[in-house]
Every structure is written in structure tokens, then in C-alpha cells.
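Given next are the chains, with one letter for each unit.
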Amino acid sequence: AGPGPAAGPGVGPGPPPGAAQGPTLPAQAAATQAQDFDPVQRFRLLLPQLKESLQTLMKVAAQNLVQNSSIDNGQKSADGALQRFDKSLEEFYALCDQLELCLRLAHECLSQSFDSAKHAPALVPAAPKGEGGPGAESLPYTQYLPLIKAQIAGAKDIHNALLEGTNKITGKLPPPGGP
């Protein structure tokens, strides 16, 4: 039991089928491909499949239970074809795993977004005043300096922590003028 139809176009290499038919199709293909990489959208597409898979799993389990009960009671022979419970369970778990990956990816994207906003809240203007685009949100150079100093101090702290950890692992003593 694979990922099923949720894999959709744009997952494999190359353009989706029919992308060269007209001028509007490449834009549609790009939108579809971007949609495939959005973990929240993928989650929304997989959720109904998970519900259907769970219903199928419960139906197969109930049918197998009824048939096994009838066989145990001597009312029926084991000739009837049963649907495979393990295959239904495997499909359900595969969808659960895909949903978990989507949620982890979405959480990681959100975490990176928060970190990015925290450590670099605004841009420094690259062009002289008046040449930048309208509505460009940026910091003047004098306000940008403390931000850079804070980032350099953070990088030094990380560097010192890594050195200290490396020294502990290797058993080396820190240099005499140490951190």
C-alpha cells in the first residue's frame, strides 16, 4: 500500500503531463508543484484519505471478526475470502506517517520563520534613499549596527560553546586565556 493518489503531479522529476499544451498550463503546473511542497496543504489533502482508510480498516476488522467468530462457533467453514487486515492496517499507518511528516515539516518551517523574524527583523537599505521601492521596510544604518553587534555576540557565544563541548569530548584543557 503506497501513498496512493495523494502523491499527485509534481512529485516526480520533470513537468507534469500535458505541461507543454498551452500558455496557461505552466503557471498551473507551478501552482500545483508549489501546493505539493506546502505541508499544511498536503495535510489537508491527506486527512480525508486517513478518515477513509480508518473506516476501511474498521470495516475489514469487523468482517474478519464476524467470520472468525462464525468459524469458531462451527456455523461456517473457512472457505470465504477475507480482506487482508494487515494490508488495511499498513495503509492506515502509512497515511499516519505521512501526516506526521507534514506536521513536523510545518512545525520546522514555522520555527525557522520565528527565528528569522527574531534575529533579522528588518532589512538594511541596499540602495541610497529615494531609490528603494515604495513600502520597503528597512532599518537605517545607525539602527542596524546594534542588531549586527548582537548577532556577532551570539555567533561568538555559539562558537565558544562548541569549542568547550569539543574540548570536553576530546579531553583537552582550554587555552590559558580561555573563553
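Identification of the chain as Mediator of RNA polymerase II transcription subunit 29 from Helopsaltes ochotensis is taken from an unreviewed UniProt entry. A UniProt comment under Subcellular location (unreviewed entry) is attached to the chain, and it reads "Nucleus". Among the UniProt annotations of the chain, the heading Sequence similarities (unreviewed entry) holds the following wording: "Belongs to the Mediator complex subunit 29 family."

Turning our eyes to something else, we now look at the packing of helix α2 (residues 39-72) against helix α3 (residues 85-119). For the pair α2 and α3, the least separation of the axes is 9 Å and the interaxial angle reads 160°. The angle between α2 and α3 falls in the class roughly antiparallel. Read as a crossing pair, α2 and α3 show a hand that is left-handed. Here the residues of the contact of α2 with α3 sort into 20 nonpolar, 6 polar and 2 charged.

Counting residues in hydrophobic clusters, the biggest one holds 7 residues: Leu46, Leu50, Leu57, Phe92, Leu95, Leu99 and Cys102. Listing elements by their share of this core, those giving two or more residues are α2 and α3. Setting aside its immediate chain neighbours within four residues, Phe92 contacts Leu50, Ser53, Leu54 and Leu57.

What follows is about the pattern of salt bridges. Applying the stated criterion to the full structure yields 3 salt bridges. Between Glu100 and Arg104 there is a salt bridge, with the nearest N and O atoms lying 2.7 Å from each other. Linking Glu100 with Arg104, this pair stays in helix α3, spanning 4 residues, or about one helical turn. Since its relative accessible area comes to 37%, Glu100 is described here as partly exposed.

Further remarks concern the packing of aromatic side chains. Any aromatic ring pair is given by two values, namely how distant the centres are and how the planes are angled relative to each other. Within this structure, the stated rule accounts for 1 aromatic pair. Between Phe92 and Tyr93 the ring centres are 6.1 Å apart and the planes differ by 50°, which places this aromatic pair in the tilted class.

Considering the arrangement of structural elements, one finds Asn64 in helix α2. For Asn64, a relative accessible area of 12% puts it in the buried group. Leave out the neighbours within four places in its chain, and Asn64 touches Leu82, Gln83 and Phe85.

Reading guide: rules and limits
Per-chain numbering applies: the sequence of each chain, read as written, is numbered from 1 onward. Reporting in this predicted model follows two pLDDT cut-offs: at least 70 for local features of residues, and 80 or more for side-chain atom pairs to be given and counted; totals over whole chains, interfaces and linings ignore these cut-offs and use all residues. The side-chain values count all of the structure's non-hydrogen atoms but skip hydrogen atoms and water molecules. UniProt positions are given in the numbering used here, feature names are shortened, and annotations may be inferred rather than shown by experiment. Interaxial angle, 0 to 180 degrees, is taken between N-to-C directions of lines fitted to C-alpha atoms, where a helix line uses only the stretch in contact. Labels follow the DSSP assignment, with helices taken as runs of H or I lasting at least four residues and strands as runs of E lasting at least two, numbered in each case from the N terminus. To sort the angles, those under 35 degrees are grouped as roughly parallel, those over 145 as roughly antiparallel, those from 65 to 115 as roughly perpendicular, and the leftovers as oblique. Each crossing gets its handedness from the near helix: less than a right angle anticlockwise from the far helix is left-handed, clockwise is right-handed. Note on residue classes: Ala, Val, Leu, Ile, Met, Phe, Trp, Tyr, Cys and Pro are nonpolar, Asp, Glu, Lys and Arg are charged, and everything else, Gly too, is polar. Put simply, buried Ala, Val, Leu, Ile, Met, Phe, Trp, Tyr and Cys residues joined by side-chain atoms within 4.5 Å make one nonpolar core. Each residue gets one of three labels from its accessible area relative to the maximum for its type: buried under 20%, exposed over 50%, partly exposed in between, using a 1.4 Å probe on protein chains only. Should any heavy atoms of two residues lie within 4.5 Å, those residues are counted as being in contact. What makes a salt bridge here is a side-chain nitrogen of Lys or Arg within 4 Å of a carboxyl oxygen of Asp or Glu, nothing more. Stacked, tilted and edge-to-face pairs are distinguished by plane angle, under 30 degrees for stacked and over 60 for edge-to-face with tilted covering the rest, among Phe, Tyr and Trp rings (Trp via its six-membered ring) whose centres lie within 6.5 Å.

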